[in-house]
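Breakdown of the fold
Now for the letters of each chain:
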Amino acid sequence: MASFDSEIKTVFKSNLDDASPAIKFSSVWEQHRKTAGKRFSFKKMVFIPIGALVSLVVLLTVGFSFAAIKDKTDYPFINDPSAIGLWESVDLVDQPGQFVPGKHFSEDPLFLKQLAFMKDGNMLIAINKGNGKLSPASCTWTKGMVLDKQDKTNSKYEIKEIDGTAYMFFEWKCGDYTYFHMEPPYFVLKQVNNEDYSKYKLEARSDKIDYPFVNDPQLPGVWESVDFVPAIDEFKPGTRISRGELFLTRFDIAGNGKIGGMTSEKAIPNDLLTWTKGLIIDRKGKVASKYEIKEMAGDTYLFYEWKSGGYIYSGMQPDYYVLKKVK
Amino acid sequence: MKGISQKQAEEIFRDYSPKVYQLALFLSKSPALADDITQDTFLQVFKKYTSYDPQRPIYPWIYKIALNITRNTLRRQKWLDLFGEPPECGYLTSVENIILRDELAAELWQKVNKLTLKSREVIVLHYYLELKLQETATILGIPLGTCKSRLNSALSTLRKQLEENSHLQLKKGDDLYGIV
């Protein structure tokens with residue numbers, strides 16, 4: 001049976017492939033020639049200066065609104081016993097007032113599945129992707145807020161009791177908020193229990209890591225991160241897909257199988273990573289990440305499988321760091 | 001900088017006008033609007049050709065222009081509708097006649113056409129124009145994550161509706177999230 005994807009492609013082809021425009025090139029070209037010569041049209045002389053003036057006023061009013069938003073995230077931990085426990089998403093709303101228990105404001109499948117607030121301020125998260133199981137979250141919480149230091153977001157949460165059930169209204173600050181300054185929607189989560197998940201046993205996936213050292217003369221050197229992509233063929237030299245700060249910033253790869261380097265937060269410990277031909281091995285996390293080296297547009301790039309918590313705990317496919325050889 | 005030559009323009013029009021028209025037809029559901037959008041798109045392409053970076057592929061640039069013009073046209077059309085001009089429906093009627101020969105495909109096509117404009121945009125760019133997700137995200141002017149989520153949402157809606165109607169027996173266990 002053909003996959004759903006190919007069914008969609010086929011139905012598009014069968015319904016659109018035969019459609020063709022009635023307009024001819026000659027008429028479009030003729031019109032282009034007529035308009036191309038009009039350098040000083042009324043439209044250009046009147047509306048463009050007015051438009052420019054309005055744009056300038058708007059720009060001065062809103063400031064540099066297109067810069068990425070960076071929320072304050074360095075708050076101390078303050079306990080909130082009412083937040084501790086497991087919460088499960090039931091809806092996604094633009095405003096908390098839109099939520100009605102038992103009804104769904106959002107018609108879309110919910111990306112966020114569960115959140116566990118632990119006593120120490122740490123969190124677990126499950127999303128409706130991969131195996132959907134709880135995995136360690138990159139964010140922490142303090143009373144009234146969830147803080148993501150990597151993405152620099154501070155998302156408010158509020159707990160309300162409706163018809164005898166506790167619901168959490170949690171601001172969802174994704175890229176639309178950070179880069180496009182859109183109002184964040186709210187996930188509505190229903191309290192499943194008030195247990196502390198600090199001792200929760202996560203189901204971790206591990207790779208075979210006991211490989212002998214095989215040399216790869218192409219690998220040693222200094223590599224600097226230039227992008228983070230979902231697949232190797234998505235990378236284009238000179239352009240960047242990912243937004244925001246890259247977590248892994250540099251690899252210093254020695255010829256003896258050792259790897260050092262930097263993340264945006266700190267230096268990578270020298271004993272954490274090793275390599276052998278085709279693999280970079282994290283002995284602590286027990287994962288072996290494949291790497292590929294490619295020559296593109298005159299430069300040498302390293303594509304490194306990023307096996308983070310999403311891979312280890314949630315069964316998701318790894319993305320790739322792209323690093324450029326600088327030395 | 002020198003503008004586009006007639007030869008270059010003709011080649012671009014020959015290579016891309018069918019797809020631009022098909023994109024506009026699918027989104028506007030009107031052959032007349034699709035013709036207007038195609039014409040306006042190529043007028044823009046020819047006018048702004050000097051700003052196009054020849055080191056990059058041309059199709060994302062053209063499709064982005066086409067999509068922007070389609071959106072503006074549809075926005076204008078909404079205003080016209082408010083003033084009582086009846087929307088054109090010849091496209092759907094003719095398509096329905098064509099696709100009745102395949103009931104299963106007709107059901108899917110009908111559902112695809114009933115998706116929201118945002119969903120249809122992402123579906124047509126990714127599945128019909130065969131753009132990569134990153135290219136689709138760039139053309140739509142949204143982050144990659146939003147693009148993936150929008151596509152997943154559209155697929156899930158389609159699948160749910162089809163399952164509800166029991167017209168298509170989709171493969172059980174298809175991982176719609178496999179694309180992300």
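All values derive from a computational prediction rather than experimental measurement.

**A look at the interface of chain A and chain B**
Counting from both sides, the interface comprises 37 residues of chain A and, opposite them, 58 residues of chain B. In total, about 4300 Å² of surface goes out of reach between chain A and chain B, with carbon and sulfur atoms giving 68% of it. Sorting the residues of chain A by area buried against chain B places A:Phe4, A:Phe12 and A:Phe25 first, and these three jointly supply 17% of that buried surface. Put simply, chain A and chain B have two salt bridges between them. Among the salt bridges present, the one from A:Lys236 reaches B:Glu135, with a minimum N-O distance of 3.4 Å. Joining chain A to chain B, the criterion identifies ten residue pairs in polar contact (both at pLDDT 80 or more).

**Examining unusual backbone geometry**
The residue A:Lys286 is not glycine, and still its phi comes out positive at about 55°. Summarising the element assignment, A:Lys286 is placed in the loop between β13 (279–282) and β14 (287–296). Its identity is not glycine, yet B:Lys29 carries a phi of approximately 60°, on the positive side. In this fold, B:Lys29 is placed in the loop between α1 (6–28) and α2 (31–47).

**Some remarks on the pattern of salt bridges**
Opposite charge on two side chains permits pairing when their charged atoms draw close. Residue and element names in this part refer to chain A. The final tally for this structure, using the stated rule, is 18 salt bridges over all chains. The partner of Asp-71 in a salt bridge is Lys-173, with the nearest N and O atoms 2.9 Å apart. Here Asp-71, found in the loop between α3 (42–62) and β1 (85–93), pairs with Lys-173, found in the loop between β7 (165–171) and α4 (175–178); they are 102 residues apart in sequence, far enough to count as distant. This pair shows no difference in class: Asp-71 is buried, exactly as Lys-173 is.

**Description of helix α6 (residues 117–128) of chain B**
Residues and elements named next belong to chain B. Under the 1.5 Å per step criterion, the end-to-end length of α6 is 15 Å for twelve residues, consistent within 8% with the ideal 16 Å. For α6, the buried fraction is high: ten of the twelve residues fall into the buried class. When α6 is considered as a whole, its buried residues turn out to be Ser-119, Arg-120, Glu-121, Val-122, Ile-123, Val-124, Leu-125, His-126, Tyr-127 and Tyr-128.

**What to know about the confidence of the model for chain B**
Residues and elements named next belong to chain B. For chain B, the mean per-residue pLDDT works out to 77, and 74% of the residues sit at or above 70. Below a pLDDT of 50 lies the segment residues 81–101, which in the model reaches 22 contacts outside its immediate sequence neighbourhood of four places, other chains included. Note on residues 166–180: pLDDT is under 50 here. Beyond four places in sequence and across chains, it has 37 contacts. Taken together, the chains of this predicted complex give a pTM of 0.45 and an interface ipTM of 0.78.

Rules and cut-offs
Residues numbered from 1 in each chain as written. Chains lettered and ligands numbered in written order. Predicted model: local features only at pLDDT ≥ 70, side-chain atom pairs only at ≥ 80, totals over all residues. Heavy atoms only, no water. Contact = heavy atoms within 4.5 Å. Buried area = accessible area lost by both parts, 1.4 Å probe. Salt bridge = Lys/Arg side-chain N within 4 Å of Asp/Glu carboxyl O. Polar contact = N/O pair within 3.5 Å; in protein donor to acceptor, adjacent residues only side chain to side chain. Helix = DSSP H or I, 4+ residues; strand = E, 2+ residues; numbered from the N terminus. Buried < 20%, exposed > 50% of the residue type's maximum accessible area, 1.4 Å probe, protein only. Expected span 1.5 Å × (residues − 1). pLDDT = per-residue confidence, 0-100.

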